[in-house]
Amino acid sequence: MPTANGDEIRAWLDDTWARTEAAVLLAGGEGRPLAQRPIVGEVFDLGHLAELRELTTTGVFLDDICRCLGSLTVALLDTDAEFIGSGSLHGGTDIAWEWSRFRNNLEVAAPGPLLDFLERHSDYRRA
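Parameters and conventions
Residues numbered from 1 in each chain as written. Predicted model: local features only at pLDDT ≥ 70, side-chain atom pairs only at ≥ 80, totals over all residues. Heavy atoms only, no water. Salt bridge = Lys/Arg side-chain N within 4 Å of Asp/Glu carboxyl O. Helix = DSSP H or I, 4+ residues; strand = E, 2+ residues; numbered from the N terminus. Expected span 1.5 Å × (residues − 1). Buried < 20%, exposed > 50% of the residue type's maximum accessible area, 1.4 Å probe, protein only. Arc of directions from axis to C-beta. Axes fitted to C-alpha atoms, helices over the stretch in contact; angles between N-to-C directions. Parallel < 35°, antiparallel > 145°, perpendicular 65-115°, else oblique. Contact = heavy atoms within 4.5 Å. Nonpolar A, V, L, I, M, F, W, Y, C, P; charged D, E, K, R; others polar. Core = buried A, V, L, I, M, F, W, Y, C linked by side-chain atoms within 4.5 Å. Disulfide = S-S within 2.5 Å.

> Would you mind showing me how to read the pattern of salt bridges here?
Note on pairing: side chains with opposite charge can pair once their charged atoms come close. Inspection of the entire model under this criterion finds four salt bridges. Close ionic contact of Glu51 with Arg120 constitutes a salt bridge, the shortest N to O distance being 3.0 Å. With Glu51 in helix 2 (residues 46-57) and Arg120 in helix 4 (residues 111-121), this pair connects stretches of sequence that are 69 residues apart.

Listed below in structure tokens is the structure:
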């Protein structure tokens, strides 16, 4: 399966985040349906959602994907509380948005602040 280019993923991210009303932080990476993973954190505050968006969408696409399943997953919800997108954390430095669809990790620009955010808003270490 080919890797999606960064521009395609950024367009998807812009559309998906524009429709996002909340995010849940789920234990585990890929391998199980989102609804079957334990919730370890929730983000409803608009300011915190904006911060999460910045931390998980700013960086450089690697044109490759990590082969592990990842750890914590950021799942985005719309106004009907339906899942509209997800990205799993890989190695504390990368986010794989829609891992099996795009196959292109984003090396985040600020991994330290991202991990700090996840620790403040979730039981990240349990994920």
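> Any chance you could explain helix 1 (residues 6-18) here in plain terms?
Since the α-helix advances by 3.6 residues per turn, residues separated by three or four positions end up pointing in the same direction. For helix 1, built from 13 residues, the straight-helix expectation of 18 Å at 1.5 Å per residue is met to within 8% by its first-to-last C-alpha distance of 18 Å. Residues of helix 1 that are buried: Gly6, Ile9, Trp12, Leu13, Thr16 and Trp17. The buried side chains of helix 1 occupy one side of the element, clustering within an arc of 125 degrees when seen end-on. In helix 1, those exposed residues whose orientation departs by more than 90 degrees from the buried face are Asp7 and Ala18.

> What's the story with the packing of helix 1 against helix 2 in this structure? I'm lost.
Describing two packed helices takes the angle between their axes plus the distance from one axis to the other. Interhelical geometry of helix 1 versus helix 2 gives an angle of 170 degrees and a closest axis separation of 12 Å. Comparing their axes, helix 2 and helix 1 come out roughly antiparallel. For the pair formed by helix 1 and helix 2, the contact residues are Arg10, Leu13, Asp14, Trp17 and Ala18 on the first element and Leu49, Leu52, Arg53, Thr56 and Thr57 on the second. Class assignment of the residues belonging to the contact of helix 1 with helix 2 gives a composition of five nonpolar, two polar and three charged.

> Can you walk me through the environment of Trp17 in this structure?
Mapped onto the fold, Trp17 is located in helix 1. Taking the C-alpha atoms as reference, Trp17 lies 7.3 Å from Arg53; in sequence the two are 36 residues apart. If sequence neighbours within four positions are ignored, Trp17 has contacts with Leu49, Leu52, Arg53, Thr56, Thr57, Leu76 and Trp97.

> Is there a simple way to explain the nonpolar core in this structure?
When a protein is soluble and globular, its nonpolar side chains tend to lie buried together. Grouped together as the largest cluster of nonpolar side chains are 27 residues, with contacts concentrated most on Leu52, Val74, Trp97 and Leu114. Sort the elements by how many residues they give to this core and helix 1 lands first, with four residues. In this view, Trp97 contacts Trp12, Leu13, Trp17, Thr56, Thr57, Val74, Leu76, Ser86, Gly87 and Phe102; residues no more than four positions away in its chain are not counted.

> Quick question: what am I supposed to make of helix 4 here?
Of all the positions in helix 4, only Leu114, Phe117, Leu118 and His121 are classed as buried. Buried residues of helix 4, seen end-on, are gathered within an arc of 95 degrees and therefore sit on one face of the element. In this structure, the buried side of helix 4 is in contact with strand 1 (22-26), strand 2 (39-43), helix 2, strand 5 (83-90), strand 6 (94-97) and strand 7 (106-108).

> Hey, could you run me through the state of the cysteines in this one?
In protein chemistry, a disulfide is the covalent bond that joins the sulfur atoms of two cysteines. Under the definition given, this model contains zero disulfides. Unpaired in terms of disulfides, Cys66 finds its nearest cysteine sulfur in Cys68, a separation of 3.3 Å. With a relative accessible area of 27%, Cys66 lands in the partly exposed category. Among the residues examined, Cys68 registers a relative accessible area of 37% and is labelled partly exposed.

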